[in-house]
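Geometric and topological summary
Chain residues, written in single-letter form:
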Amino acid sequence: MTGHTDDAGGRSSLHGYDKAVAAIPEPSSTSSQVSELKREHIGQFDPHHEDPNDTGVTSTNHALTFTDINYFIEHINTFLADPDTAAANERQILLLFQTLIKGPAFMWWINELSAINRRQLQAAGLPAILQALQDRFKIDPQVKYLDRALTLQDIIADKNSLSGYIHRNLRYARAMGIMGENDSEWHWVMEEITACMPTEVQEHLPSPLDSGSLDAYMRRIELKTPALRILTRISQDAKVANTRLDEDVGSQSQSRRLYDSYRPVYDAYRPVYDAYRPVYDAYRPIYDSYRPTYDRDQRSIRGEDYSPDRRHDQRIDRPLKRINEEIDYHDENLSGFYSF
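Residues numbered from 1 in each chain as written. Predicted model: local features only at pLDDT ≥ 70, side-chain atom pairs only at ≥ 80, totals over all residues. Heavy atoms only, no water.

**With respect to the overall build of the chain**
Scanning the chain for helices and strands turns up 14 helices and 5 strands. A total of 340 residues make up the chain; the buried ones form 37% of that total. In the chain, the proportion of contacts linking residues at least 24 apart, taken out of those at least 6 apart, comes to 64%. Here the chain displays about 19,700 Å² of accessible surface, and carbon together with sulfur accounts for 50% of that area. (Helix = DSSP H or I, 4+ residues; strand = E, 2+ residues; numbered from the N terminus. Buried < 20%, exposed > 50% of the residue type's maximum accessible area, 1.4 Å probe, protein only. Contact = heavy atoms within 4.5 Å. Areas by Shrake-Rupley, 256 points an atom, 1.4 Å probe, with all protein chains shown as cover.)

Rendered as C-alpha cells:
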C-alpha cells in the first residue's frame, strides 16, 4: 500500500513542519520491524487550534497539533512510506483515528457523517478516510496567499513572527503550484513575500537572489532576526517620538492661534481699561472706607442689624458700587491677556 499524497500541497520537506516533527519522541518497538504507534507519535488534526502565525502545525510539550490538513496527511504518510511496515502502521492508525482528530474534525466524524458512511470509509481503508477529511477541510491557497500583513509590532512582540510569516506563505505558494518543481521558482516567490513586508524590514533583509537555496536563505533570515528586531524597535520608538513632537508643536501652534485671535480684543479694551484705571484708583480709598457701612447695611437687609444712616450711606455707596463693578468687569476681561 502506498501513502495518500495531496498533489496541491504534498511535499517531503516542509520547514515549519520539519522543525515540529523533530521534537516528537520516537515510537517504541514491539518487534524487530514494527513499532507500536501512539497518539503522541502521530499528532492530532484540529483546524481551529490556536496557531497565531498560521504555520499549519504547532508543537506543545512534544505533541503535534496540525491545523493544515495537507501537513497532517503528509505526516501520516511518513508512517506508510516503508513497504515492510506500511500495512501494520495503517492498521494502528485506523484504530487510533478517532483520537487523532479534534474540534471541528471530530464533530465532522461523529455528527456530519452517518454511521453507514463511517463504516464505508473504514472498510475502504485509511486513504479513503484521509481523502474525505481533506475534501471537508481543504483550504483555498489563493485566498490565503499573502492575505495577511506583517507589522513592525508583530516582529517586536514575537521573535518567530518573521519566519512564521514566510513559512505560512511558502506553504500556500506550494499548494498553488507556483513554487515550481523542487522549489525551482522559490526566488521569485520570496521576492513577492518580502515585497509585502514593511519597508523598514525590507531594507535589512538579504536578497533571495544572493542565496543558492531556500534553506540557505532561511538560515540567513534566522541569523538576522535578532538584529532586525532591535532595529525595528528603534524605528518604532523613533516614530513614537516624532509623533509626540508633532503633537507638542501642534499644541504650541494652537496656543499661538488663540493668542492671535484674542489680541485685537485686548488692544480694543486696553484704552478703556487705561481710562477707567485713574477713576478706579481715585475712588478706591472712598470705597474701602464705606465698605464697613455697606456690609452693615447688607446685614440690616437680612434682618441682622439696622442702621439709621442707611439711606445716607446708600446715596454715597451706590455710585461707587457701579463704578467698581464696571472697573472689575473690564479688569476681568483684560486679565486673561496678561498671560500671553
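**Points about the sheet that holds strand β5 (residues 63-66)**
Reading across the sheet, the 3 strands line up as β3-β5-β4 and stay open at both edges, with mixed pairing between neighbours. Every other strand in the sheet has two partners, leaving β3 (44-45) and β4 (57-60) as the edge strands with one partner each. With 2 bridges joining them, β3 and β5 adopt parallel strand pairing. When the bridges of β5 are listed, Phe45 appears paired with Phe66. (Pairing = 2+ DSSP bridges.)

**Topic: the nonpolar core**
With 27 residues, the main nonpolar core has Phe45, Phe72, Ile76, Ile93, Trp109 and Leu133 as its most contacted residues. Setting aside residues up to four positions removed in sequence, Ile93 forms contacts with Leu37, Ile42, Ile76, Phe79, Leu80, Leu100 and Leu126. Among the nonpolar cores identified, the runner-up in size contains 23 residues, and Trp186, Val189, Leu205 and Leu214 belong to it. (Core = buried A, V, L, I, M, F, W, Y, C linked by side-chain atoms within 4.5 Å.)

**Regarding the pattern of salt bridges**
Tallying each qualifying case throughout the model produces 6 salt bridges. Between Glu112 and Arg136 there is a salt bridge, with its nearest N and O atoms 2.9 Å apart. Here Arg136 lies in helix α7 (residues 126-137) and Glu112 lies in helix α5 (residues 104-112), a separation of 24 residues in the sequence. The salt bridge involving Asp183 is made with Arg174; its shortest N-O contact spans 3.3 Å. Judged by its relative accessible area of 10%, Arg174 falls in the buried class. Sharing partners across several salt bridges, the network here consists of Asp54, Asp68, Asp147, Arg168 and Arg171. (Salt bridge = Lys/Arg side-chain N within 4 Å of Asp/Glu carboxyl O.)

**Some words on the confidence of the model for the chain**
On average, residues of the chain carry a pLDDT of 78, and 73% of them reach 70 or more. With pLDDT under 50 throughout, residues 1-14 is counted as low confidence; its partners more than four residues away or in other chains account for 32 contacts. (pLDDT = per-residue confidence, 0-100.)

**Remarks on the packing of α5 against α7**
Where α5 meets α7, the closest approach of the two axes is 11 Å, and the angle between their N-to-C directions is 115°. If you check the angle between α5 and α7, you find them roughly perpendicular. α7 is crossed by α5, and the crossing has right-handed handedness. Taken together, the residues of α7 that come into contact with α5 (itself represented by Pro104, Ala105, Trp108, Trp109 and Glu112) are Ile129, Ala132, Leu133, Arg136 and Phe137. (Axes fitted to C-alpha atoms, helices over the stretch in contact; angles between N-to-C directions. Parallel < 35°, antiparallel > 145°, perpendicular 65-115°, else oblique. Left-handed = near helix turned anticlockwise from the far one by under 90°.)

**Here we look at α5**
Listed in full, the buried residues belonging to α5 are Ala105, Trp108 and Trp109. Mapping the buried residues of α5 onto a view down its axis gives an arc of 90°, with all of them on the same face. For α5, the elements touching its buried residues are β3, α6 (115-124) and α7. (Arc of directions from axis to C-beta.)

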